[in-house]
Amino acid sequence: DPQQLELVTSGKRKLRRFIVIDEVVDELYGSKVREYFEENNVQHKILALPTTEETKSMDLVLNILQEVQNFSIDRRTEPIIAIGGGVCLDIVGLAASLYRRRTPYIRVPTTLLSYVDASVGAKNGVNFLQCKNKLGGYTPPVASFLDRSFIQSIPRRHISNGLGEILKMALMKHKGLFDLLKSHGKYLLDTKFQSYSGSADHGDAALQTTRIAIETMLEELAPNLWEDDLDRLVDFGHLISPELEMRVLPSLMHGEAVNIDMAFMTYVAHVRGLITAEEKEQIIQCMRGLELPVWHGGCSWSLIKKALMERLKHSGGQPRMPLPTGLGVAEIFNDTSEETLERAYKLWVRD
């Protein structure tokens, strides 16, 4: 903003920033963040918070807004900065959308899952009445800053968790991405998505997989940012997983719950004759290679039925079930019978 730049350079007004950072990220990177703002002579307030699925509530949003009010920001020129995983980005996005009806905010994802998922799109929200993201809105950030070096400090399980959302895009839209994950999955886990000059055998698998995942996600989201069309391929893995994830908190992470949903739906696609037994096996083996769970005891037949009933309620009375019709191609179906679902469930449990 030229006007803002002039204010700062003329010395009339000091740059000010309000930053919300996940408390774990703050322990690892907080000193660097503070140093950055001090060196650039930016007046700042850093609010470190526990941002987990269990704390993802309206109470935390109001806590942030109280601090924003105390700091007093200009709602046009001083964006709130969110540094953390998907939960942190969701909470701050909702807080920003409510403060003075819309305050700009910036997303800085620090986990692989938020890097390829929460950084893209307009949605934000919090959990309510034991339901995942029941309260929320659509307010895109003014920017998302992507830096893979954050990912090197997260545990291996968190890398695997993020690979679940990348695999979702591969199965729905991109055979090349599926092949990359099959060939380089273990390498990506071992190297934590960092790029090394000595990795000639793998090319720059980390850059390729994240770029393709984000580009395919944008292709799907950009024309339908406000979900006017409820037929969404990106909902693959999100029909049963919200119910499962909230039911078994904190034993499953988001990407793990999504993968369990995708594994079941892969069986549904096979029972319907949409994919061959070999393709089903390739998908399940790829999931195992990415160290993702392909089944969970909490995913009972009664939970699946309840989750699909919930799905009907908020998707216009249709299940709108995205299913693979091959590797890297998919369609949305509204005609999957309960008998087919039950046959797929029994086969899945047996395997």
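Residues numbered from 1 in each chain as written. Predicted model: local features only at pLDDT ≥ 70, side-chain atom pairs only at ≥ 80, totals over all residues. Heavy atoms only, no water.

Moving on, we get to the overall build of the protein chain. The helix and strand tally for the protein chain stands at 13 helices and 9 strands. Radius of gyration (C-alpha) of the protein chain: 21 Å, near the 20 Å computed for a compact globule of 351 residues. C-alpha atoms of the protein chain, sized along the principal axes, occupy 70 × 50 × 35 Å. Expressed as a percentage of its 351 residues, the buried residues of the protein chain come to 52%. Considering only residue pairs separated by 6 or more positions, the protein chain has 75% of its internal contacts joining residues 24 or more positions apart. Per element, the accessible surface of the protein chain, about 16,100 Å² overall, is 51% carbon and sulfur. When the 41 basic and 46 acidic side-chain charges of the protein chain are each reduced to a single mean position, those positions are 3 Å apart. (Helix = DSSP H or I, 4+ residues; strand = E, 2+ residues; numbered from the N terminus. Rg over C-alpha atoms; globule rule 2.2 N^0.38 Å. Buried < 20%, exposed > 50% of the residue type's maximum accessible area, 1.4 Å probe, protein only. Contact = heavy atoms within 4.5 Å. Areas by Shrake-Rupley, 256 points an atom, 1.4 Å probe, with all protein chains shown as cover. Lys, Arg positive; Asp, Glu negative; His and termini not counted. Charge placed at Lys NZ, Arg CZ, Asp CG, Glu CD.)

Interfaces are often described in size by the accessible area the parts lose on coming together. Looking at the assigned domains, one finds that the protein chain contains domain 1 (12–152) and domain 2 (156–224 + 232–350). Tallying the contact residues gives 20 residues for domain 1 and 27 residues for domain 2. Carbon and sulfur atoms make up 68% of the area that domain 1 and domain 2 hide from each other, which totals about 2,000 Å². In terms of surface lost to domain 2, no three residues of domain 1 exceed Leu112, Leu113 and Arg148, which account for 32% of the buried area on that side. (Domains from an automatic or database assignment. Buried area = accessible area lost by both parts, 1.4 Å probe.)

Another aspect to go through is the packing of aromatic side chains. Tallying each qualifying case throughout the model produces 7 aromatic pairs. Through successive ring pairs, a cluster of aromatic residues spans Phe264, Trp301, Tyr345 and Trp348. The cationic tip of Arg16 hangs over the ring face of Phe71; the distance from NZ or CZ to the ring centre is 4.1 Å. (Phe/Tyr/Trp six-rings, centres within 6.5 Å; stacked < 30°, edge-to-face > 60°. Lys NZ or Arg CZ within 6 Å of the ring centre and 35° of its normal.)

As a further point, take the pairing of strand β3 (residues 80–84). The two faces of the sheet receive side chains in turn, since in a regular strand these alternate between them. β3 sits mainly inside the fold: 5 of its 5 residues count as buried. Residues Ile80, Ala82 and Gly84 line one face of β3 and the alternating positions Ile81 and Ile83 line the opposite face, and both faces are buried. Note that strand β1 (residues 16–22) and β3 share 4 bridges and pair parallel. Bridge pairing links Phe18 to Ile80 in β3. Summarising the sheet, β3 and strand β4 (residues 105–109) pair through 5 bridges and their orientation is parallel. (Pairing = 2+ DSSP bridges.)

Another aspect to go through is the UniProt feature "domain: 3-dehydroquinate synthase N-terminal" (unreviewed entry) in the protein chain. With numbering matched to this structure, UniProt assigns "domain: 3-dehydroquinate synthase N-terminal" (unreviewed entry) to residues 48–160. Secondary structure across residues 48–160 comprises 35% helix and 25% strand; the distance between its end C-alpha atoms is 26 Å. (UniProt positions renumbered as here; feature names shortened; annotations may be inferred.)

With that out of the way, let us pick up a positive patch on the surface. Together, Arg76, Arg100, Arg101 and Arg102 give the surface a local cluster of positive charge. Looking at the element boundaries, Arg76 is found in the loop between α3 (58–71) and β3. Taking the relative accessible area as the measure of exposure, Arg76 reaches 53% and is therefore exposed. (Patch = residues over 30% accessible without salt bridge, like charges linked within 9 Å, V, L, I, M, F, W, Y side chains within 5 Å. Salt bridge = Lys/Arg side-chain N within 4 Å of Asp/Glu carboxyl O.)

This part takes up the nonpolar core. One finds Leu167 and Phe264 to be the most contacted residues of the largest nonpolar core, which totals 70 residues. Sorting elements by how many residues they give to this core places helix α10 (residues 254–271) first, with 11 residues. Each of domain 1 (12–152) and domain 2 (156–224 + 232–350) contributes no fewer than three residues to this core. What Phe264 contacts, discounting residues up to four positions off in sequence, is Ile240, Ile304, Leu341, Ala344, Tyr345 and Trp348. Membership of the second largest hydrophobic core comes to 25 residues, among which are Leu49, Leu65, Ala96 and Val126. (Core = buried A, V, L, I, M, F, W, Y, C linked by side-chain atoms within 4.5 Å.)

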